[in-house]
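Here's the letter readout for the chains.
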Amino acid sequence: QAAVTQDPSLTVSPGGTITLTCGADTGPLTSDQSVYWFQQKPGQAPRTLIYDGTKKSSWTPARFSGSVLGGTAALTLSGAQPDDEGDYYCLVAFNSGPRVFGGGTRLTVV
Amino acid sequence: QAQIQQWGAGPLKPSASLSLTCTVSETPFRDFLWTWIRQPPGKGLEWIGDVNERGFARYNPSLKSRVGQLVDTSGNKFQLRMTSMTGADTAVYYCVKGTQTSPFDNWGQGSLVTVSS
């Protein structure tokens with residue numbers, strides 16, 4: 001089964017911009033593969049931030065955006081706020097087959 | 001967005017079987033997708049499987065031999081069954097309902113399943 005990779009941890013300053021990345025060990029992500037991003041805070045269920053690579057959920061703040069460039073998926077946070085601290089997971093839908101989560105990125109805003 | 005209710009969790013002994021149920025009270029959709037995801041304590045998320053309105057199911061290859069998923073025709077009730085449970089299956093199990101275009105719209109609150117002798 002394919003593995004999906006994420007940076008284990010990242011730090012951003014309040015008001016700063018940071019990009020979280022998500023890749024697959026099978027090679028560059030293609031248009032046949034959909035990427036989803038989730039935010040999870042301690043003790044809570046995850047929430048879906050981005051689906052289908054770039055589309056925002058109804059609750060997703062405007063400061064978050066998703067993209068797929070050069071075969072890598074990215075979640076960009078512009079204007080980080082303390083409330084954005086938490087764990088961020090990407091999931092790759094490999095065509096019509098299994099879905100695979102990345103290991104998650106712990107984002108610290110300090 | 002209707003709230004998903006999960007139940008069926010509880011302590012299990014090794015080799016026992018797990019049964020979890022999720023329900024949601026909403027107008028049935030023609031197109032839906034139910035997904036099971038789990039998270040061991042202090043670890044990341046793991047996709048278990050999903051099933052759509054036609055009953056077509058997909059499974060994590062590493063779990064496929066032990067997992068079954070059932071969904072009723074209205075799409076408002078979804079069940080997970082997992083056999084031969086071990087300590088490695090100790091996790092919070094989430095059910096998630098969505099559609100083919102937006103698969104992870106609505107998350108259940110999660111059910112802690114502990115497997116211990």
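Since the structure is predicted, the reported quantities are computational estimates derived from the model, not experimental observations. (Residues numbered from 1 in each chain as written. Chains lettered and ligands numbered in written order. Predicted model: local features only at pLDDT ≥ 70, side-chain atom pairs only at ≥ 80, totals over all residues. Heavy atoms only, no water.)

Draft legend 1. Spatial organisation of the interface of chain A and chain B. Listed per partner, the contact involves 17 residues of chain A and 19 residues of chain B. Contact between chain A and chain B buries roughly 1,500 Å² in total, counting both sides, with carbon and sulfur atoms accounting for 63%. Within the residue set of the side of chain A that touches chain B, elements represented by two or more residues are β4 (34–40), β5 (47–51), β9 (86–93) and β10 (99–101) of chain A. (Contact = heavy atoms within 4.5 Å. Buried area = accessible area lost by both parts, 1.4 Å probe. Helix = DSSP H or I, 4+ residues; strand = E, 2+ residues; numbered from the N terminus.)

Draft legend 2. Examining the side chain of Asn-76 of chain B more closely. Residues and elements named next belong to chain B. Secondary-structure assignment places Asn-76 in the loop between β6 (67–71) and β7 (77–82). There is a polar contact of 2.8 Å between the side chain of Asn-76 and the backbone oxygen of Glu-26. Contact partners of Asn-76, with chain neighbours within four places excluded, come to Cys-22, Thr-23, Val-24, Glu-26, Pro-28, Trp-34 and Lys-97. (Polar contact = N/O pair within 3.5 Å; in protein donor to acceptor, adjacent residues only side chain to side chain.)

Draft legend 3. Focus on the sheet that holds β7 of chain B. All names here are of chain B. Pairing in this open sheet of four strands is antiparallel, and the strands run β1-β2-β7-β6 from one edge to the other. In this open sheet, the two strands that pair with only one neighbour each are β1 (4–7) and β6. Between one strand and the next, the sheet's axes are offset by a mean angle of 15 degrees, whatever the strand orientation. (Pairing = 2+ DSSP bridges. Axes fitted to C-alpha atoms, helices over the stretch in contact; angles between N-to-C directions.)

Draft legend 4. Layout of the state of the cysteines. Residues and elements named next belong to chain A. Counted according to the given criterion, the structure contains two disulfides over all chains. Covalently, Cys-22 is tied to Cys-90 through a disulfide, its sulfur atoms 2.1 Å apart. Residues Cys-22 and Cys-90 are joined by a disulfide whose S-S torsion is about 80 degrees; by sign, that bridge is right-handed. You can see Cys-22 sitting in strand β3 (residues 17–24) and its partner Cys-90 sitting in strand β9, a full 68 residues away along the chain. Residue Cys-22 is classed as buried on the basis of its relative accessible area of 0%. (Disulfide = S-S within 2.5 Å. Buried < 20%, exposed > 50% of the residue type's maximum accessible area, 1.4 Å probe, protein only.)

Draft legend 5. Quick look at the nonpolar core. Trp-37 and Leu-75 of chain A are the most contacted members of the largest nonpolar core, which totals 24 residues. Elements that contribute at least two residues to this core include exactly β3, β4, β5, β8 (72–78), β9 and β11 (105–109) of chain A. Among the elements that make up this core, the one with the highest residue count is β3 of chain A (four residues). With residues near it in sequence (within four places) discarded, Leu-75 of chain A still touches Ile-18, Thr-19, Leu-20, Trp-37, Leu-49, Ile-50, Phe-64, Ser-65 and Tyr-88 of chain A. Grouped together as the second largest cluster of nonpolar side chains are 23 residues, Leu-20, Trp-36, Leu-63 and Leu-80 of chain B included. (Core = buried A, V, L, I, M, F, W, Y, C linked by side-chain atoms within 4.5 Å.)

Draft legend 6. Molecular detail of unusual backbone geometry. With a phi angle near 55 degrees, Asp-52 of chain A is a residue other than glycine that sits in the positive phi range. Of note, Asp-52 of chain A is situated in the loop between β5 and β6 (55–56). A positive phi angle is found at Ser-15 of chain B, which is not glycine, with a value near 85 degrees. Position of Ser-15 of chain B relative to the elements: it lies in the loop between β1 and β2 (18–24).

Draft legend 7. Just the pattern of salt bridges, in detail. Residue and element names in this part refer to chain A. Counted by the stated rule, this structure contains ten salt bridges over all chains. Arg-63 serves as the salt-bridge partner of Asp-84, at 2.8 Å between the closest nitrogen and oxygen. Of this pair, Asp-84 sits in the loop between β8 and β9 while Arg-63 sits in the loop between β6 and β7 (64–69), and the two are 21 residues apart along the sequence. Using a relative accessible area of 1% as the deciding quantity, one classes Asp-84 as buried. Ionic pairing is found between Asp-87 and Arg-106, a salt bridge with its closest N-O pair at 2.7 Å. Of this pair, Asp-87 sits in strand β9 while Arg-106 sits in strand β11, and the two are 19 residues apart along the sequence. Judged by relative accessible area, Asp-87 falls into the buried class, the value being 14%. A relative accessible area of 51% means that Arg-106 is categorised as exposed. (Salt bridge = Lys/Arg side-chain N within 4 Å of Asp/Glu carboxyl O.)

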